[in-house]
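# A look at the structure
One letter stands for each residue in the lines below.
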There are 2 protein chains.
Amino acid sequence: MITAEIKDKLIRIVSDKNFEDNMTSRLVYSYDATPNFQSLPDAIVSPRNTKEVSEVVKICNEYKIPIVPRGSGTNLCAGTCPTEGGIVLLFKLMNKILEIDEENLTITAQPGVITLDLIKAVEKKGLFYPPDPSSMKISTIGGNINENSGGLRGLKYGVTRDYVMGLEVVLANGDIIRTGGKLAKDVAGYDLTRLLVGSEGTLGIVTEAILKLIPMPETKRTMLSLYQDMEKAAQTVSKIIASKIIPTTLEFLDQPTLKVVEDFAQIGLPVDVQAVLLIEQDGPREVVERDMKKIEEICKVENAISVTVAKTQAEADALTTARRSALSALARLKPTTILEDATVPRSEIANMVKAINEISKKYNVDICTFGHAGDGNLHPTCLTDARDHEEMERVEKALEEIFQKAIELGGTITGEHGVGTMKAPYLKLKLGEAGINAMRLIKESLDPNNIMNPGKVFAKDTRKRVVVSK
Amino acid sequence: MITAEIKDKLIRIVSDKNFEDNMTSRLVYSYDATPNFQSLPDAIVSPRNTKEVSEVVKICNEYKIPIVPRGSGTNLCAGTCPTEGGIVLLFKLMNKILEIDEENLTITAQPGVITLDLIKAVEKKGLFYPPDPSSMKISTIGGNINENSGGLRGLKYGVTRDYVMGLEVVLANGDIIRTGGKLAKDVAGYDLTRLLVGSEGTLGIVTEAILKLIPMPETKRTMLSLYQDMEKAAQTVSKIIASKIIPTTLEFLDQPTLKVVEDFAQIGLPVDVQAVLLIEQDGPREVVERDMKKIEEICKVENAISVTVAKTQAEADALTTARRSALSALARLKPTTILEDATVPRSEIANMVKAINEISKKYNVDICTFGHAGDGNLHPTCLTDARDHEEMERVEKALEEIFQKAIELGGTITGEHGVGTMKAPYLKLKLGEAGINAMRLIKESLDPNNIMNPGKVFAKDTRKRVVVSK
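Residues numbered from 1 in each chain as written. Chains lettered and ligands numbered in written order. Predicted model: local features only at pLDDT ≥ 70, side-chain atom pairs only at ≥ 80, totals over all residues. Heavy atoms only, no water.

### Quick notes on the overall build of chain A
On a plain count of helices and strands, chain A comes out with 15 helices and 18 strands. Since a compact globule built from 470 residues should have a radius of gyration of about 23 Å, the 22 Å found for chain A is in line with a globular shape. When its C-alpha atoms are laid out on the principal axes, chain A stretches across 70 × 60 × 40 Å. When each of the 470 residues of chain A is scored for burial, the buried share is 64%. Of the roughly 16700 Å² of accessible surface on chain A, a fraction of 50% belongs to carbon and sulfur atoms. Distance between charge centroids for chain A: 1 Å, based on 59 positive and 64 negative side chains. (Helix = DSSP H or I, 4+ residues; strand = E, 2+ residues; numbered from the N terminus. Rg over C-alpha atoms; globule rule 2.2 N^0.38 Å. Buried < 20%, exposed > 50% of the residue type's maximum accessible area, 1.4 Å probe, protein only. Areas by Shrake-Rupley, 256 points an atom, 1.4 Å probe, with all protein chains shown as cover. Lys, Arg positive; Asp, Glu negative; His and termini not counted. Charge placed at Lys NZ, Arg CZ, Asp CG, Glu CD.)

### Quick notes on a nonpolar patch on the surface
Taken together, the side chains of Met-23, Leu-27 and Leu-40 of chain A present a nonpolar region at the surface, about 240 Å² in accessible area. Looking at the secondary structure, you find Met-23 of chain A in helix 2 (residues 23-28). (Patch = residues over 30% accessible without salt bridge, like charges linked within 9 Å, V, L, I, M, F, W, Y side chains within 5 Å. Salt bridge = Lys/Arg side-chain N within 4 Å of Asp/Glu carboxyl O.)

### Let's talk about the sheet that holds strand 10 (residues 205-212) of chain B
Residue and element names in this part refer to chain B. Across the sheet, which stays open at both edges, the 5 strands sit in the order 5-6-10-8-9 with antiparallel pairing between neighbours. Every other strand in the sheet has two partners, leaving strand 5 (97-101) and strand 9 (176-180) as the edge strands with one partner each. Adjacent strand axes in the sheet meet at a mean angle of 10° when their direction is disregarded. With 4 bridges joining them, strand 6 (residues 106-109) and strand 10 adopt antiparallel strand pairing. Note that in strand 10 the partner of Thr-106 across the bridge is Lys-212. Of the strands in this sheet, strand 8 (164-170), strand 9 and strand 10 touch helix 3 (residues 50-63), which is tilted by about 50° from strand 8. (Pairing = 2+ DSSP bridges. Axes fitted to C-alpha atoms, helices over the stretch in contact; angles between N-to-C directions. Contact = heavy atoms within 4.5 Å.)

### What to know about the relation of the copies chain A and chain B
With an axial shift of 0.0 Å and an RMSD of 0.0 Å, the rotation relating chain A to chain B amounts to 180°. On the angle and the small slide along the axis, the relation comes out as a two-fold axis. Counting the interface residues of chain A, we find that 100% of their copies in chain B are interface residues as well, pointing to one common contact surface. (Least-squares fit on C-alpha atoms with pLDDT ≥ 70 in both.)

### Things to note about the side chain of Ser-25 of chain B
Residue and element names in this part refer to chain B. Among the secondary structure elements, Ser-25 is positioned in helix 2 (residues 23-28). Take Ser-25: its relative accessible area is 10%, and that puts it in the buried class. Discounting residues that sit within four places of it in the chain, Ser-25 has contacts with Glu-20 and Ile-44.

### Regarding helix 8 (residues 230-242) of chain B
Residues and elements named next belong to chain B. Between its first and last C-alpha, helix 8 extends 19 Å over 13 residues, near the 18 Å set by a 1.5 Å rise per residue. Every buried residue of helix 8 is accounted for by Met-230, Ala-233, Ala-234, Thr-236, Val-237, Ser-238, Ile-240 and Ile-241. Considering only its buried residues, helix 8 is in contact with helix 6 (154-157), strand 12 (219-227), strand 13 (249-254), strand 14 (275-283), helix 10 (285-301) and helix 13 (349-362). Of the residues flanking the start of helix 8, the one acting as N-cap is Asp-229, its side-chain oxygen 2.9 Å from the backbone nitrogen of Glu-231. Lys-244 lies just past helix 8 and shows a positive phi near 70°. (Expected span 1.5 Å × (residues − 1). Polar contact = N/O pair within 3.5 Å; in protein donor to acceptor, adjacent residues only side chain to side chain.)

### Re the packing of aromatic side chains
Counting across every chain of the model gives 8 aromatic pairs over all chains. Considering the side-chain rings of Phe-403 of chain A and Tyr-426 of chain A, the 4.6 Å spacing of their centres and the 65° angle between planes classify their relative orientation as edge-to-face. With Phe-403 of chain A in helix 14 (residues 389-408) and Tyr-426 of chain A in the loop between helix 14 and helix 15 (427-446), the pair connects residues that are 23 residues apart, well separated along the chain. For the pair shown, Phe-403 of chain A and Tyr-426 of chain A are each scored as buried. Each ring, one from Tyr-129 of chain B and one from Tyr-163 of chain B, has its centre 6.0 Å from the other, and the planes form 75°; the classification is edge-to-face. In this pair, Tyr-129 of chain B sits in the loop between strand 7 (127-128) and helix 5 (141-147) while Tyr-163 of chain B sits in the loop between helix 6 and strand 8, placing the two residues 34 residues apart along the sequence. Above the face of the Tyr-163 of chain A ring, Lys-212 of chain A is positioned so that its terminal group lies 5.9 Å from the ring centre. (Phe/Tyr/Trp six-rings, centres within 6.5 Å; stacked < 30°, edge-to-face > 60°. Lys NZ or Arg CZ within 6 Å of the ring centre and 35° of its normal.)

### A short note on the packing of helix 8 of chain B against helix 10 of chain B
All names here are of chain B. Between helix 8 and helix 10, the least distance of the axes is 9 Å, while the angle of their chain directions is 140°. Our pair here, helix 8 against helix 10, has a crossing hand that is right-handed. Taken together, the residues of helix 10 that come into contact with helix 8 (itself represented by Thr-236, Lys-239 and Ile-240) are Ile-295, Ile-298 and Cys-299. Looking at side-chain class alone, the contact of helix 8 with helix 10 contains 4 nonpolar, 1 polar and 1 charged residues. (Left-handed = near helix turned anticlockwise from the far one by under 90°. Nonpolar A, V, L, I, M, F, W, Y, C, P; charged D, E, K, R; others polar.)

### A few points about the interface of chain A and chain B
Listed by partner, the interface residues are 79 residues for chain A and 80 residues for chain B. Across the chain A/chain B interface, buried area totals approximately 6300 Å², and carbon plus sulfur atoms make up 60% of it. The largest share of the area that chain A buries against chain B comes from Lys-185, Val-187 and Tyr-190 of chain A, three residues that together contribute 16% of it. Connecting chain A to chain B are 12 salt bridges. (Buried area = accessible area lost by both parts, 1.4 Å probe.)

### Here's the deal with the pattern of salt bridges
For the structure on display, the rule yields 72 salt bridges over all chains. Arg-324 of chain A serves as the salt-bridge partner of Asp-132 of chain A, at 2.6 Å between the closest nitrogen and oxygen. Of the two residues, Asp-132 of chain A is situated in the loop between strand 7 (127-128) and helix 5 (141-147) and Arg-324 of chain A in helix 11 (residues 313-324); the sequence distance between them amounts to 192 residues. The partner of Lys-185 of chain B in a salt bridge is Glu-416 of chain A, and the shortest N-O contact between them spans 3.1 Å. Of the two residues, Lys-185 of chain B sits in the loop between strand 9 and helix 7 (192-196) while Glu-416 of chain A sits in the loop between helix 14 and helix 15, which places them in two different chains. Comparing Lys-185 of chain B with Glu-416 of chain A, the two get one shared label, buried. Members of the salt-bridge network, linked through shared partners, are Arg-161 and Asp-162 of chain A together with Asp-191 and Arg-194 of chain B.

### Regarding the UniProt feature "domain: FAD-binding PCMH-type" (unreviewed entry) in chain A
Per the UniProt annotation, the sites labelled "domain: FAD-binding PCMH-type" (unreviewed entry) are residues 37-216 of chain A. Across residues 37-216 of chain A, helical content stands at 22% and strand content at 24%; the span's end C-alpha atoms are separated by 39 Å. (UniProt positions renumbered as here; feature names shortened; annotations may be inferred.)

Right, here's the structure in full:
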């Protein structure tokens, strides 16, 4: 509860304008992109600089008020849903690119910078920031760091974690620390940078980041390969990697997803095939040409019924954009869209897709599957209706079985969406009691009053989707 | 102290053969590659599997006996010196490569595998494990993971941390946990994998690792560029990167180092120049040729007095081997060789080398400098005599000033050697009280009895090199 006294203290820090506790604002920030999770915050506080963040945190620590740091709230794990009330710490005013350093190939940015704005800013200098979550048009860099976001270019270039070189972080006690730096090598102490990346705001609040850039690849080619046999598509993925080619992007869409995406994007995608691979390679011109030729051969050997290389950049962009629109396209069909991200070693992609189809039939639920095949990172997407409790119970059972299958195949319950509130009950499947216990010890040591995004990552009870949030 | 009762318990776990407490063995494991640090362990225990490690740890936790995990002891920060006695946990029997997975591009290995053996094993399959610390002929993978070892290929390929995908770890309470997996993407919980990498055995004991492999680059070329002006060499480094070329290797040697290396390796290196850059590029043939041509142009614009590309692989190997032998070559000159690894953003290389030269003069100590210029990771190497306490005091002052300068330039006190016992007193320069406090909270939460490599990372007192170890 935020008393009049606390409210007064917070306003004195951020100014009247940047403190909101009217019902409209509280409702706006009561949910994020995750379906079926909603909980009112007590207030929304928008700090203007790191010092203000530190002062706000100190107040919250003193009065044990939960803090939920938030960029654009595009996460899919209810990671920014204020499940235990408290304040939403909004980064809309800390949204500046502070520096692009062309000699050290780094960009320094505040957490509120929109991902795509950052990507475009470095591209102007001939530089490249590879992590490209599907939400990049609206997601923020701070959100990407908290969730360790992935994207379509992860196969070749890795994920957000691989590009975070240094952080400024406010800890639960209000301490401001700096980790890492513009340093290709740094082993001075524990790797707090990477411990914080993906910790979903539960260990500290990121107030600034130094990100690694790489030179912009010279050229890029895009290819579409069609299959009547899902397993052949999956085998193509394995064979490409086994032939020592690492494409930038190796995306998979099953037939139901294809249909919906074509209906939405209208770019002439085939809708009568069982599976599609969208393959991109970038790099020096000669190498890209050579790789694309080899990939085409592999696709044909694996019985692709058609392999086409995009002739123009516009055509290539249309294909990628269509793939990126998969979630939006699927979301139009049913009142509730649950996008999951069970992930397996890439050699197990075919087994996983097969299992998802069987589970979907077993529980009679509608699941479309697409995703980053090269990473083994699939997005089985359930089209349902949260108001239909009977169906939701089947959905939950189906998803739990999908997670169990992923673990059985050497995979994980979440490849890029995070744990948040939604996946917390399943985390034990991956880490076991001992693993979760180790994490909990770290959490309690850095945040003894549990004010940092409480209710996330660590399961409080067995609540999944059906039970209504308190 | 290991009582007869504890000894008996340990022997029951690992067998009589794998428990040593005779004075000869204790002396052998009383030091590592770090000069001037020595301290006797009470016993050396060589477990045969993870279960035995867990059982040994439980005993140690019960009786509060320090555990120092050890591979080959090649570290340069006194990270495996048993400063507080206890047992050295030796991994000589856990030295197997368990699997090379060509479909998922991973290798699974026990900690005792020699780095070069692992590199050679994957090369046979056309695969590549890039981290190549200079000690790789004798260092172990477990040691590399504990120290987050770097090497000569870090500029393009990163360091050990970037290749560790998953770990099996025994925690201080004896729990065996598994982190990560053969997964390109995994955000299920905190990134314990990377928290553990580089934590020098202070948070847990690595008993197995899944490492990432990449396809073997098609070809490699090696170039030597000579300068009469150190600053021009440093400018070359910056210009190569700014021209969007990332070479595999970009090494720098100053004149004193050159002389010593040539004297040792006898391969016809010039000894009358001020600085040398050893530059390697690998990748597809066309790209390597193109990059080497551009790099040559840059070197010439920066007044290199000679640029030569190695004509044969043997010639190239001779150059790299000579560079790798720098420490051994320097170590022949004086009784004590102190190899440091102050690291700065690469744009500050010229300033840093200049500062090292000035500091060396100021304190009248002998410092040769070489290192990974592309990473900003320099190795100022002090040739001295530990028995000469007056000189050692000047050495300490000089090194402390070098660390301060590195921090001032946005750098760090250690790029790849680790903190261990030796750098602990300097860690505050980089992390501040708040940063060290955050680390200490994590350490205490996971290892409340402080049995995991105690005395490392966290400074106990202000002891540096002069004061004799207790």
